[in-house]
Amino acid sequence: MFNVERIKKDFPILKKKVRGKKLVYLDNAATTQKPFQVIEAMNSYYREHNANVHRAIHQLSEEATQLYEKAHEDAANFVGAAGMEEIVFTKNTTESLNLVAYSLVPTLKRGDEIVLTQMEHHSNFVPWQQLAKRHGITLKFIEINNNGKLSDKSIEKNITKKTKIVAVAHVSNSLGTINDVRKIAKIAHENNALCVVDGAQSVPHMKVDVKKLDVDFLAFSGHKMLGPTGIGVLYGKKELLEEMGPFLFGGGMIKEVGWKDTTFIDAPWKFEAGTPNIAEAAGLSAAIRYLEKIGMENIEKQEKKLVDYTLKKLSGMKGVVGYGPKKKAGVFSFNVDGVHAHDVSAILDSEGVAIRGGHHCTMPLMSLLGVSGTSRASISVYNDEKDIDALCGGIEKVKKVFG
Amino acid sequence: MDPMEQMYHENILDHFKHPHNHKEMKEADVHHHEYNPLCGDTIDMFLKIKNGKIEDVSFMGKGCAISQASASMLTNDIKGKALKDVEGMQKENILEMLGITLSPVRLKCAMLSLDTTKNAIHIHQKYMQKHNNKGG
């Protein structure tokens, strides 16, 4: 049984009052709040186990190393990877995607094509755009149709034998669209291209299995799945990570260093130069344990109910325009007639309701929708119907102030 | 008063809904566009400059009520003002005009039109120096 009331109690910050009102946190696509289990795991790391990893022969270093490697295993199990050799820790999704983009450069030549979609977050867009500019690669975009879904025709048209990489969001952070990445990966593979998936908005909300989806890379962030900031994950197929060269150079990733050259250790460590974010890795482990205890299938089911409730309420409001498909993840982009998204956010904030207003790091998509920005409410495990009612009450106030 | 109703008081909403000097000025001596990437506010400032004074001013823009209302009020305020006086204007002047206090994030919205105006004046002055023309 999914008990939101009990879940809420695990999140200390949800007891906080903002602007004299009870906090209703609906900015989860930006970052989620943290349960005390995650905060406690990081606290306990610093109180009891702090040492550098993979270095010294003393007990604390062994404890820290064990805990850090365990976090890789936890992340591997969480997304169905074969083992920790397929899991690289980075600082966030953006760094994970940059790692892939930089490390794949030697496999590309002038005239090759990289296919993105029109709904990518800047993190899965700008790295490829800049790589394309530097190396004479052609960028192509899978188009979206009127209800914010990828056009099947455009997928077929854009992915060809010239395509080397297809990079796509699993769930759109602006529209909530859930993309069929399994199908896209299949088409990419039929054309000998690699499929890179931005899972920042999917991994926290549904069961994601990299083997079932058969994607080549999956990037996601700890802080969007109840974990701490400063820790991101890159899943990569073992044989691909083995072939790829390092992204950053330095300590912790070398086998042997001579005056003239250096050899590197195996994945994942060859991609993790320098002292990593160890406490954050402990926090990520705790976040994964927390999510798994509730069960990803349960979370998906519960959020689906709340999505239906929210769409019904929002679509019944006069002067409110929603964006994106009806079947979607818990991301709701909308505009109130004649009111800028920033003003909507400010008035909702005065009611204790935290949402995001702006372009959501998808400026090309916003220009396609013909808006400078939208207001966006996004849910997590601790949200319920009452939070959505507070959102709608806030929107009524916006209409009253600007009426 | 409710702090929100204070921020969005009638005068601000009035300037937002019915902005003053809101037009493109074809005969402007200088036109400058600025953008706030944080929230997507845009302002285009059009200035006619004569004898070291702002002879006429208009603006176009898109954005939140604070950014657009402050632009509207600013155009009223600086029409006829000496350039050096406009260059000396600070956030206190803008807040006084709006009659509200703002958080640091919203302050950027309020300041966009003044920043755009100051940069427009700099561009115009540079142009005049280069062309050795004392018209400005």
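Please read these numbers as outputs of a predicted model, since none were measured by experiment.

Draft legend 1. Geometry of the overall build of chain B. Check the secondary structure of chain B and you find six helices and three strands. Counting helices and strands in the order they occur from the N terminus, chain B gives α-α-β-β-β-α-α-α-α. Over its C-alpha atoms chain B spans a radius of gyration of 15 Å, differing by no more than 12% from the 14 Å that the globule rule assigns to 136 residues. Judged by the C-alpha coordinates and their principal axes, chain B covers about 55 × 25 × 25 Å. Sequence-distant contacts, at least 24 apart, represent 63% of the contacts inside chain B between residues at least 6 apart.

Draft legend 2. Region of the structure containing the overall build of chain A. Helices and strands together make up the secondary structure of chain A, namely 14 helices and 17 strands. Rg of the C-alpha trace for chain A: 22 Å, near the compact-globule value of 22 Å for 403 residues, within the 12% margin. Counting only C-alpha atoms, chain A reaches 70 × 55 × 35 Å along its principal axes. When contacts within chain A are restricted to residue pairs at least 6 apart in sequence, those whose partners lie at least 24 apart make up 69%.

Draft legend 3. Representation of the nonpolar core in the model. A:Val166 and A:Ala282 are the most contacted members of the largest nonpolar core, which totals 152 residues. For this core, the two domains that each supply at least three residues are domain 1 (4-26 + 295-402) and domain 2 (39-293) of chain A.

Draft legend 4. Examining the domain arrangement of chain A more closely. Residues and elements named next belong to chain A. Domain assignment breaks chain A into domain 1 (4-26 + 295-402) and domain 2 (39-293). Contacts between the two partners involve 22 residues from domain 1, matched on the other side by 21 residues from domain 2. Of all the secondary structure elements, the ones that give two or more residues to the side of domain 1 that touches domain 2 are α11 (296-315), β14 (331-336) and α13 (363-369). Here the side of domain 1 that touches domain 2 takes five residues from α11, the largest share from any one element. Here the residues of the side of domain 1 that touches domain 2 sort into eleven nonpolar, six polar and five charged.

Draft legend 5. The interface of chain B and chain A, seen in detail. Across the contact, 15 residues belong to chain B and 13 residues belong to chain A. The set of elements that each furnish at least two residues to the side of chain B that touches chain A consists of α1 (3-7) and α6 (104-130) of chain B. The element that contributes the greatest number of residues to the side of chain B that touches chain A is α1(B), accounting for four residues. Looking at the side of chain B that touches chain A residue by residue, the classes come out as ten nonpolar, two polar and three charged.

Draft legend 6. Local environment of the sheet that holds strand β13 (residues 320-323) of chain A. Residue and element names in this part refer to chain A. Here we have four strands laid out as an open sheet, ordered β13-β14-β17-β16, and antiparallel in their pairing. The open sheet has two edge strands, β13 and β16 (356-358), and neither has a second partner. Neighbour-to-neighbour, the strand axes of this sheet turn through a mean angle of 30°, independent of strand direction. Note that β13 and β14 share four bridges and pair antiparallel. Note on β14: the bridge partner recorded for Val320 is Val336.

Draft legend 7. Examining the pairing of strand β4 (residues 87-90) of chain A more closely. All names here are of chain A. Residues Ile87 and Phe89 line one face of β4 and the alternating positions Val88 and Thr90 line the opposite face, and both faces are buried. Sheet topology places β4 next to strand β10 (residues 232-236); four bridges connect them, and they run antiparallel. Counterpart to Phe89 in the pairing with β10 is Val233.

Draft legend 8. Here's a closer look at the packing of helix α12 (residues 341-350) of chain A against helix α14 (residues 385-402) of chain A. All names here are of chain A. Two elements in contact, α12 and α14, have axes separated by 9 Å at closest approach and are oriented at 120°. One way to sum up the angle between α12 and α14 is to call them oblique. Here α12 runs over α14; the crossing is right-handed. For the pair α12 and α14, contact is made by Val344, Ile347 and Leu348 and by Gly394, Lys397, Val398 and Val401, respectively. For the contact of α12 with α14, the per-class residue count stands at five nonpolar, one polar and one charged.

Draft legend 9. Broad picture of the sheet that holds strand β2 (residues 41-50) of chain B. Residue and element names in this part refer to chain B. An order of β1-β2-β3 is seen for the three strands of this open sheet, with the pairing classed as antiparallel. On the outer flanks of this sheet lie β1 (30-36) and β3 (53-62), each paired with one strand and no other. Between one strand and the next, the sheet's axes are offset by a mean angle of 20°, whatever the strand orientation. Across nine bridges, β2 lies against β3 in antiparallel orientation. When the sheet's bridge partners are listed, Lys50 is paired in β3 with Lys53. The sheet strands contacting α6 are β1, β2 and β3, and the helix crosses β1 at an angle near 145°.

Draft legend 10. Seen up close, the packing of α11(A) against α14(A). Residues and elements named next belong to chain A. The interhelical angle for the contact between α11 and α14, taken along N-to-C directions, is 20°, at an axis separation of 10 Å. Here α11 is positioned roughly parallel relative to α14, judged by the angle of their axes. Viewed along their axes, α11 and α14 form a crossing whose handedness is right-handed. On the side of α11, the interface is formed by Leu306, Tyr309, Thr310 and Lys313, while α14 contributes Glu385, Ile388 and Cys392. Its residues placed into classes, the contact of α11 with α14 shows four nonpolar, one polar and two charged.

Draft legend 11. Up close: unusual backbone geometry. Residues and elements named next belong to chain A. Following Ala267, the chain continues to Pro268 via a peptide bond in cis, the omega torsion being 5°. By the secondary structure assignment, Pro268 is in the loop between β12 (262-264) and α10 (278-294). Unusually for a residue other than glycine, Leu226 sits at a positive phi of about 75°. Within the chain, Cys361 stands out as a residue other than glycine whose phi angle is a positive 60°.

Basis of the calculations
- Residues numbered from 1 in each chain as written.
- Chains lettered and ligands numbered in written order.
- Predicted model: local features only at pLDDT ≥ 70, side-chain atom pairs only at ≥ 80, totals over all residues.
- Helix = DSSP H or I, 4+ residues; strand = E, 2+ residues; numbered from the N terminus.
- Rg over C-alpha atoms; globule rule 2.2 N^0.38 Å.
- Contact = placed C-beta atoms within 7 Å.
- Core = buried A, V, L, I, M, F, W, Y, C linked by C-beta atoms within 7 Å.
- Buried ≥ 20, exposed ≤ 12 C-beta atoms within 10 Å, placed from the backbone.
- Domains from an automatic or database assignment.
- Nonpolar A, V, L, I, M, F, W, Y, C, P; charged D, E, K, R; others polar.
- Pairing = 2+ DSSP bridges.
- Axes fitted to C-alpha atoms, helices over the stretch in contact; angles between N-to-C directions.
- Parallel < 35°, antiparallel > 145°, perpendicular 65-115°, else oblique.
- Left-handed = near helix turned anticlockwise from the far one by under 90°.

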